[in-house]
Amino acid sequence: MNAAAPARREPLAGYVPAAVGLLSAIAVFCVLEGLIRAGVISEYIMPPPSHVLAAFGRVITEEHIVRRFFLTIGECLTTGVMITVFGVAGGVLLHRYKLLQQAVETWVAALAAAPVVLAYPLFMVIFGRNAWTIIMIGFVAALPPVILKTVEGLAGTRKVLVNVGRSFNLSASQQFWKIMLPAALPTIFTGVRLGLIFALINVVGVEFLINYGGLGQLINDLAERYDLPGTYAAICFVILVSVVFFMALERAERWLRPGN
Amino acid sequence: MDNPILVADKLGVRFETAEGPVTAVDDVSFSVRQGEFLSIIGPSGCGKSTVFNVIGGLLGQHEGTVKVAGERIDGPHKSIGMVFQEESTFPWRNVTDNVAFPLELTGMAKQKRIERARHFIKMVGLDGFEKRFPGELSGGMRQRVSLARTLASEPKILLMDEPFAALDEQTRLLLGDKVLQIQQQLKQTTLLITHNITEAVQMSDRILVMTYRPGRVKRIVEIDLPRPRTSDIVGSEAFGRYVAQIWSDLREEASRGMKDEEAHMLHEAQP
């Protein structure tokens, strides 16, 4: 009954989706360029992608983009670590204590929809005009999806896997670390991804609002100078932050939860 | 029976439901000899899986006692290895790590447990797939991983709950061969829960036929077919006679189950 090991996919096949994605982006830029040059889209609302591309050099050399990029990445990383640690711990607590879950789950869900960013004056009073205000607003705004998805992931662990653990006489701690947590990881990662989206939006948004460091402040500065190509170039760096985080997260998930 | 390794005495399980208490299992007693292959067969809803859960220690509330080698057990026990009906491999562990799981719990050194795991992987015929993840395997292969994982814990009694229920007939027969081969090689005491008469006759030394709700022992049939057996035996005349005999026992119970289910559905459909 030995079956031959199935053939592996060609290694190059793995690059096809990335190549298609890149070509699609180039195609969208070409279409935009054409529409703007033809006057269908106003140049005063959206600069042609070629102008944005040309602005990169200026933004990098004159606007200290690298320092700002790493400041925003640092704030997002701190927020990401905090939402993962406190969000997963909170989710585990809510899963473990059903009364607590019944008491607060709706509130946590409601918090996910709350525009926390509007409370920035309060955070400034508490933390001052510094990076901690930005990090804490990002943290509060991004925490709920991690908590909720952790609860969902743990509750969704297939009963048969729990029974396998019981049949091997696992202790409660072994059951959690060896079965429930790995089984819940894909859902937890979905929560962390959602949380990071919320975190990035809030971090850059608060940098913009309180005019403190990072890419958000640069976008504010460039927009006020009506330097549209520079503004869009800076926005591209925000997108780059997001890409860096999501790639890192994907690698972390593959490392922690192989076999998906 | 002389020195049985497993004794189930007067097992009874009652559940509270919205329609009142239901007796799932009532006064079920049997014993299993060392190295014996016993199957428990019955129609859907007769409480076979409940008996599986009681013997495996997964069901706390029950009447009666379960003894392994004379020792009364009241929960999961290292002497009993369970193979479940549903797919139960860990998707985040490759085949070797799945099979090595019970060895990891004992604190065995990594190299040694990988070697042990490979031994059991080979036994179930999955050599060459050691590094594959369950998502890359077929349903039958995944059930073999579960079987190898349970065998790796070296249980005194292998307890299987319809492990091939989700597989097609050909795969089921071939896996039956594999289980028989392993059982004969290890002289492994095995208790199989099934609703498949062919599977039960193909593998068993004895078959315990259960009644439809409440699940009771209707009859125990000795299967006097030569060993070692393979799936070739399904074509023999004696095999056919056993299948017919067990079906005649089961027919009445299965009909009762079907009527009960229809009545229940009609009751549910009423406004």
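What counts, and at which threshold
Sequence order as written defines the numbering, with residues in each chain counted from 1. Lettering of chains starts at A and numbering of ligands starts at 1, both following the order in which they are written. Restriction of local features to residues with pLDDT of at least 70 applies here, the model being predicted, together with a cutoff of 80 or more for giving and counting side-chain atom pairs; totals for whole chains, interfaces and linings are based on all residues. Runs of H or I in DSSP of at least four residues are treated as helices and runs of E of at least two as strands, each being numbered from the N terminus. We call two strands paired when DSSP finds no fewer than two bridges between them. In this analysis, axes come from line fits to C-alpha atoms, helices being fitted only over the stretch in contact, and the angle between any two N-to-C directions falls in the range 0 to 180 degrees. Confidence of the prediction at every residue is given by pLDDT, a number between 0 and 100. Placing C-beta atoms from the backbone, we regard two residues as in contact once those atoms come within 7 Å. Throughout this entry, Asp, Glu, Lys and Arg are counted as charged residues, while Ala, Val, Leu, Ile, Met, Phe, Trp, Tyr, Cys and Pro are counted as nonpolar. The remaining residues, Gly among them, count as polar. A helix is expected to reach a length of 1.5 Å times the quantity of its residues less one. Partly exposed residues are those whose C-beta has more than 12 but fewer than 20 other C-beta atoms within 10 Å; with 20 or more the residue is buried, with 12 or fewer it is exposed, and the C-beta atoms are placed from the backbone. Small angles under 35 degrees read as roughly parallel and large ones over 145 as roughly antiparallel, with 65 to 115 read as roughly perpendicular and the rest as oblique. Handedness of each helix crossing follows the sense of rotation of the near helix against the far helix: counterclockwise by less than a right angle gives left-handed, clockwise gives right-handed.

J.: Just give me the short version of the environment of B:Glu86, but keep the residues and values in it.
T.: By the element assignment, B:Glu86 lies in the loop between strand S6 (80-83) and helix H2 (95-99). In the structure, B:Glu86 is positioned 75 residues away from B:Asp161 in sequence and 8.9 Å away in space, judged by C-alpha atoms.

J.: Go over the sheet that holds strand S9 (residues 206-210) of chain B, please, and point to the residues and values.
T.: All names here are of chain B. If you trace the six strands from one edge of the open sheet to the other, you get S6-S7-S8-S3-S9-S10, paired in mixed fashion. The sheet terminates laterally at S6 and strand S10 (217-222), the two strands that pair on one side only. Going from strand to strand, the sheet's axes swing by 15 degrees on average, the running direction of each strand aside. Relative to S9, strand S3 (residues 37-41) runs parallel, the two sharing four bridges. Paired with Ser39 across the bridge in S9 is Ile207.

J.: Help me get a handle on the confidence of the model for chain A, residues and values and all.
T.: Confidence in the prediction for chain A averages 91 pLDDT; 96% of positions are at 70 or higher. Between residues 1-6 of chain A, whose pLDDT stays under 50, and residues either more than four places distant or in other chains, the model counts eight contacts.

J.: Got a sec to walk through the interface of chain B and chain A? Specific residues and values, please.
T.: For an interface, size is often stated in terms of accessible area lost upon the parts coming together. Contact with chain B, which involves 24 residues of that partner, is made by 15 residues of chain A. Breaking the side of chain B that touches chain A down by element, the ones donating at least two residues are helix H3 (101-105) and helix H6 (169-186) of chain B. In the side of chain B that touches chain A, the residues fall into 13 nonpolar, seven polar and four charged.

J.: Could you give me a rundown of unusual backbone geometry, with the residues and numbers involved?
T.: Residues and elements named next belong to chain B. Residue Pro214 follows Arg213 across a cis peptide bond; omega there is -5 degrees. In this fold, Pro214 is placed in the loop between S9 and S10. Between Arg227 and the following residue, Pro228, the backbone shows a cis peptide bond with an omega angle of 0 degrees. Counting through the fold element by element, Pro228 comes out in the loop between S10 and helix H8 (237-269).

J.: Any details on the pairing of strand S1 (residues 6-17) of chain B? Residues and values, ideally.
T.: Residues and elements named next belong to chain B. Here S1 runs beside strand S2 (residues 20-32); their pairing, made up of nine bridges, is antiparallel. Residue pairing in the sheet places Thr17 in a bridge with Gly20 of S2. Hairpin connection between S1 and S2: a loop of two residues separates the two successive antiparallel strands. As judged from the five bridges shared by S1 and strand S4 (residues 63-68), these two strands associate in the antiparallel manner. In the strand pairing of S4, Gly12 is matched with Glu63.

J.: Break down helix H5 (residues 139-152) of chain B for me, with residues and values.
T.: Residues and elements named next belong to chain B. Between its first and last C-alpha atoms H5 spans 20 Å; for 14 residues at 1.5 Å apiece the expected length is 20 Å, and the two agree. Judged by how many residues are buried, H5 sits mostly within the fold: 13 of 14 residues are covered. At the exit of H5 stands Glu154, carrying a positive phi of roughly 45 degrees.

J.: Go over the packing of helix H6 (residues 131-155) of chain A against helix H8 (residues 172-210) of chain A, please, and point to the residues and values.
T.: Residue and element names in this part refer to chain A. Closest axis-to-axis distance for the H6/H8 pair is 7 Å, and the angle between their directions is 160 degrees. One way to sum up the angle between H6 and H8 is to call them roughly antiparallel. Along this stretch, H6 crosses H8, giving a crossing that reads as right-handed. Considering only residue class, the contact of H6 with H8 consists of 20 nonpolar, nine polar and three charged.

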